[in-house]
Amino acid sequence: MGFFLTLVFLFLMYVRPQEWWEPLIGVRILDWTAGLCLAVVFLEGKFSNVTLKRSPLVWMVLVFWLFIAFSWVPKFYLSGVTKTFTDFAPIAVVFFLVAVTVDTVGKLRGFLW
């Protein structure tokens, strides 16, 4: 179910019906879908230490996230740290959802289709 919701979330992210379909204008459908997807994936038990530690790419994304956030510290622009951290958060959420839910070759084929 988490994989299916991840696919739905990515589909909605690319198609963006809330921007062109009249009944959905102003509805935060991406936020609700992402929250539901995260909750389902968490309840399925996919977010475990083993799942997240198996790939060095996960650690690289976390370090990259911290580096871009703290790149504002030498300029003493500390509100830039929080803004950059929150701006990159949706990208990190999508990455972690894909990294956690796409765990078999069949799911990878479905994801790439």
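In what follows, the structure referred to is the one given above.
To start, this report covers the structure provided alongside it. (Residues numbered from 1 in each chain as written. Predicted model: local features only at pLDDT ≥ 70, side-chain atom pairs only at ≥ 80, totals over all residues. Heavy atoms only, no water.)

### Examining the nonpolar core
Piece 1. Counting 15 residues, the largest nonpolar core has Phe 9, Cys 37, Val 41, Val 94, Leu 97 and Val 98 as its most contacted members.
Piece 2. Counting residues per element, the ones that place at least two in this core are helix 1 (2-15), helix 2 (29-43) and helix 5 (78-101).
Piece 3. Setting aside chain neighbours within four positions, we find Cys 37 in contact with Gly 2, Leu 5, Thr 6 and Leu 97.
Piece 4. Core analysis: the next-biggest nonpolar cluster, separate from the first, contains five residues, Trp 65, Phe 88, Ala 92 and Phe 96 among them. (Core = buried A, V, L, I, M, F, W, Y, C linked by side-chain atoms within 4.5 Å. Buried < 20%, exposed > 50% of the residue type's maximum accessible area, 1.4 Å probe, protein only. Helix = DSSP H or I, 4+ residues; strand = E, 2+ residues; numbered from the N terminus. Contact = heavy atoms within 4.5 Å.)

### Considerations on helix 5
Piece 1. With 24 residues, helix 5 extends 34 Å between its outermost C-alpha atoms, agreeing within 8% with the 34 Å of an ideal straight helix rising 1.5 Å per residue.
Piece 2. At Ala 89, helix 5 is bent by approximately 35°, the largest bend along its length, and proline Pro 90 sits one to four residues beyond. (Expected span 1.5 Å × (residues − 1). Bend = angle between axes of the 7 residues up to and from the residue.)

### Considering unusual backbone geometry
Piece 1. With a phi angle near 50°, Arg 16 is a residue other than glycine that sits in the positive phi range.
Piece 2. Of the residues examined, Arg 16 reaches a relative accessible area of 32% and is grouped as partly exposed.
Piece 3. Of note, Phe 76 is a non-glycine position whose phi angle comes to about 60°, a positive value.
Piece 4. Along the chain, Phe 76 turns up in the loop between helix 4 (56-70) and helix 5.
Piece 5. According to the relative accessible area criterion, Phe 76 is exposed, its value standing at 74%.

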